[in-house]
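Single-letter residue listing:
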Amino acid sequence: MKSNIHTDPFSVENLNTLNYPTPFYLFDRNRLRDNLKQFKEYIPNVDVHYAVKANPTKDVIETLNESGAGFEIASTNELNLLMQCGVNAEKILYSAPVKPGKFIHEAYEYGVKKFAFDSKQELEKITQSAPGSSVYLRLSVTEHGSRFSLTDKFGVTLDKVVELMQYAKQLGLDPYGLTFHIGSQATSKESWKYAIRTASKAMNLLEEVGIKIQMLDLGGGFPVQYTETVPTLEEIGIAIDKAIKKYLPYRVTLVAEPGRALVATSAVLVTSIFARIKRRYMWLFVDAGSYNSLFETLESQTSMKFEIYHSLTEYNKSLNRRYTVTGPTCDSLDVLAKDVTLPSELKLGDRLYFKSAGAYSVALANSFNGFEPPAIYFVN
Ligand SMILES: *Cc1c(COP(=O)(O)O)cnc(C)c1O
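Conventions and cut-offs
- Residues numbered from 1 in each chain as written.
- Predicted model: local features only at pLDDT ≥ 70, side-chain atom pairs only at ≥ 80, totals over all residues.
- Heavy atoms only, no water.
- 1 Å grid on protein atoms, 1.4 Å probe; cavity = no way out; pocket = protein on both sides within 12 Å on 5 of 7 lines; lining within 4 Å.
- Points joined across faces, edges and corners; volume = space filled by probe spheres on them.
- Helix = DSSP H or I, 4+ residues; strand = E, 2+ residues; numbered from the N terminus.
- Nonpolar A, V, L, I, M, F, W, Y, C, P; charged D, E, K, R; others polar.
- Domains from an automatic or database assignment.
- Expected span 1.5 Å × (residues − 1).
- Buried < 20%, exposed > 50% of the residue type's maximum accessible area, 1.4 Å probe, protein only.
- Arc of directions from axis to C-beta.
- Polar contact = N/O pair within 3.5 Å; in protein donor to acceptor, adjacent residues only side chain to side chain.
- Near = heavy atom within 4 Å.
- Areas by Shrake-Rupley, 256 points an atom, 1.4 Å probe, with all protein chains shown as cover.
- Axes fitted to C-alpha atoms, helices over the stretch in contact; angles between N-to-C directions.
- Parallel < 35°, antiparallel > 145°, perpendicular 65-115°, else oblique.
- Left-handed = near helix turned anticlockwise from the far one by under 90°.
- Contact = heavy atoms within 4.5 Å.
- Core = buried A, V, L, I, M, F, W, Y, C linked by side-chain atoms within 4.5 Å.
- Pairing = 2+ DSSP bridges.
- Phe/Tyr/Trp six-rings, centres within 6.5 Å; stacked < 30°, edge-to-face > 60°.
- Lys NZ or Arg CZ within 6 Å of the ring centre and 35° of its normal.

## Quick look at the layout of surface pockets
So, step 1. If you add up the space inside the second largest pocket, you get close to 520 Å³.
So, step 2. Around the second largest pocket, the lining is made up of 23 residues, and of these N35, Q38, V224, Q225 and T265 lie nearest the centre.
So, step 3. If you tally residues by element for the lining of the second largest pocket, the top one is helix α2 (residues 29-42), at 5 residues.
So, step 4. Its residues placed into classes, the lining of the second largest pocket shows 12 nonpolar, 6 polar and 5 charged.
So, step 5. Each of domain 1 (12-24 + 265-379) and domain 2 (56-258) accounts for three or more of the residues forming the lining of the second largest pocket.

## A closer look at α2
So, step 1. For α2, with 14 residues, the first-to-last C-alpha span of 20 Å sits near the 20 Å given by 1.5 Å per residue.
So, step 2. For α2, the full list of buried residues reads R29, L32, N35, L36 and F39. The buried residues of α2 all sit within an arc of 120° when viewed along its axis, so they share a single face. Seen from the open side of α2, the exposed residues pointing more than 90 degrees away from its buried face are K37 and E41.
So, step 3. Of the residues that open α2, the one with a side-chain oxygen 2.9 Å from the backbone nitrogen of N30 is D28.

## A short note on unusual backbone geometry
As a rule of thumb, non-glycine residues mostly have phi less than zero, and peptide bonds are mostly trans rather than cis.
So, step 1. The omega angle of the peptide bond from T22 to P23 is 0°, so this bond is cis rather than trans.
So, step 2. The backbone of R280 shows a phi angle near 55°, a positive value even though the residue is not glycine.
So, step 3. Inspection of the secondary structure assignment puts R280 in the loop between β12 (267-279) and β13 (281-286).

## Considerations on the site of the ligand
So, step 1. Taken together, 14 residues are adjacent to the ligand, and K53, S184, E257, R260 and Y360 come closest.
So, step 2. At 3.1 Å from an oxygen atom of the ligand is found a side-chain nitrogen or oxygen belonging to H181.
So, step 3. In the model, an oxygen atom of the ligand is placed 2.5 Å from a nitrogen or oxygen of the S184 side chain.
So, step 4. When the free accessible area of the ligand is taken as 390 Å², the share hidden by the protein chains comes to 92%.
So, step 5. Taken together, the residues that form the shell around the ligand break down as 3 nonpolar, 6 polar and 5 charged.

## Here's the deal with the packing of helix α5 (residues 101-110) against helix α6 (residues 120-129)
So, step 1. Taken N-terminus to C-terminus, the directions of α5 and α6 make an angle of 45°; their axes are 9 Å apart at the nearest point. Taken together, the axes of α5 and α6 are oblique relative to one another. Our pair here, α5 against α6, has a crossing hand that is right-handed. Here G101, I104, H105 and Y108 of α5 lie close against α6, whose contacting residues are E122, K125, I126 and S129.

## Quick word on the nonpolar core
So, step 1. One finds Y50, L178, F180, F222, V325 and L352 to be the most contacted residues of the largest nonpolar core, which totals 102 residues.
So, step 2. In terms of residue count, helix α8 (residues 190-208) provides more of this core than any other element does, 7 residues in total.
So, step 3. Of the domains in this structure, domain 1 (12-24 + 265-379) and domain 2 (56-258) are the two that each give at least three residues to this core.
So, step 4. Setting aside residues no more than four positions away along its own chain, Y50 makes contact with N55, V60, I61, L64, G70, F71, E72, P258, G259, L262 and V263.

## What to know about the side chain of H49
So, step 1. Counting through the fold element by element, H49 comes out in strand β2 (residues 47-51).
So, step 2. Using a relative accessible area of 10% as the deciding quantity, one classes H49 as buried.
So, step 3. From its side chain, H49 meets the backbone oxygen of K91 in a polar contact 3.2 Å long.
So, step 4. The residues contacting H49, other than those within four sequence positions of it, are G70, F71, E72, K91, L93, V255, A256, E257 and P258.

## Quick look at helix α4 (residues 76-84)
So, step 1. Of all the residues in α4, the buried ones are T76, E78, L79, L81 and L82.
So, step 2. The inward-facing, buried residues of α4 abut α3 (58-66), β3 (70-73), β4 (92-94) and α5.
So, step 3. Residue G86 follows α4 closely and has a positive phi angle near 75°.

## Some details on the pairing of strand β17 (residues 351-354)
So, step 1. Burial of the side chains of β17 extends over both faces: R351 and Y353 are buried on one face and L352 and F354 on the other.
So, step 2. Strand direction decides the pairing type here: β12 and β17, joined by 4 bridges, are antiparallel. What sits directly across from L269, in β17, is F354.
So, step 3. Sheet topology note: the strand β14 (residues 308-310)/β17 ladder contains 3 bridges and is antiparallel. Opposite Y309, over in β17, you have Y353 as the bridge partner.

## Thoughts on the environment of R322
So, step 1. Along the chain, R322 falls in strand β15 (residues 321-326).
So, step 2. Distance in space between the C-alpha atoms of R322 and V340 is 5.3 Å, their sequence separation being 18 residues.
So, step 3. Among residues more than four places away in sequence, those in contact with R322 are M282, D339, V340 and T341.

## A few points about the packing of aromatic side chains
So, step 1. Considering all chains together, one arrives at 15 aromatic pairs under this definition.
So, step 2. Taking 4.8 Å as the distance between ring centres and 85° as the angle between the ring planes, the aromatic pair formed by F39 and F222 counts as edge-to-face. Here F222 lies in the loop between β10 (215-217) and α9 (233-247) and F39 lies in helix α2, a separation of 183 residues in the sequence.
So, step 3. Consider the rings of W283 and F285, whose centres lie 6.5 Å apart with planes at 40°: the pair is tilted.
So, step 4. A residue is classified by how much of its surface remains accessible, and F285, at 18% relative accessible area, is buried.
So, step 5. Members of the aromatic cluster, connected to one another through ring pairs, are F274, Y281, W283 and F285.
So, step 6. A cation sits over an aromatic face here: K212 above Y250, 4.6 Å from the ring centre.
So, step 7. One residue, R321, lies across the ring of Y323, its end atom 5.6 Å from the ring centre.

Below, the structure written as C-alpha cells:
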C-alpha cells in the first residue's frame, strides 16, 4: 500500500480516502519506529524488550526487531512467532513467572537463557527443563494506580527473596536478577519509585548473603494518553532515573518491557455506523466492537475511553450531541463508549475512527456472534 509521506495516515482526510471494507485497522510502521525511539530517549540506559502479548502481529514484530528492540514472551506460540520473524534467542526474555514445563524446555531448545520465576516449584521446573539458566525473581510491588492490576497473581514479598535466590544457586541456576510489574496503563509515576525502592531492598538483602544480581527488569505498565491524562514518558523517565540513583546499592543492567507504550498509538480502528437508534440514549451501532476489536472496553466496562473521531468534514459543531457507541454483537456488554460527544448529523454509512487502537486489541479479538476481527493494513 502506498502512502503520501506528506500526509498523516491517521488524518480524517487520509482515512476517508481508504475504500477497504470496514471494519479494519490501519497501522503505521513509522509510529512503531518513533515510539521505540522515543521510549529509548525518555527512558535512557534501559534495554527495551517489547512485550509480545500487547500485539503479536508479524509486521509489528518485524518492524520492532529491525529497529533494534528485544522481546518478552509468555508462551511457545509467542516464541514461534519470534522465530518466524528471525529474532535471535539472546534478544528474548521469558518473563512469565509461572510457565508450563514444556514451554520452558522449548524456549531452552531455541536458545533462550533467561527465565522469570516466583516460587521454588518454578525453579525446579526450570532446572529440569532448562538447566544452568539465568533466573530473575518477580517481586510483588504496591501499585499506586493502574488501570489493569497485576498485584495478586504474581510476585513475592521481600521476606522470600533470599531463600528463593539461594535455592536457585543450589539448583545450579544463575541468580541473575529481579523484576516487577506495576500493572498495565499505570497512572502514577510514584509506582516506579516505590517498586525500585523495593527492588533495592531486595538487592541489599541478597548482597548480605553474597549474591550480587546483574539485571533489574522494570517490567511494563508505561501508560498511553487515551482520553485520560497520564504522566508522560519523559516524567516517568525522570522519576525512574532519580529512584535508581537514590536507592540502588550498585550498578546493574536495566531492562524495561513496554507493550502498550510501543504499539497503542501505531493504529487506528476504522468502523462504519450501521444503525442509529433512539431509546433512552441515542445509540450508534458500529461494525466492530468489544469482542472483535477493543476488548479493553469490555474488560474495563467502558471506563477505559478511546478517543473517537469521525469521517464528517463539514458539520455543525454547535449541534454536537451525546451518544452511546456500541458494537455489533447481541451482547449488552459489547459497548465501546458511553456519553461520547459527536456530531448530531452522523448517519448510516458514516465512519467512526478509534485512535490509539494498537494495544491489546488484535491480540484479544475473537469472532463471538459471527463478527470476525477486522482486517489489518500497514502503511510506511
Ligand atoms: C503484559 C506484560 C508486559 C507489558 O505490559 P504493558 O502494560 O503493555 O506495558 C511486560 N512484562 C510482563 C511480564 C507482562 O506480563
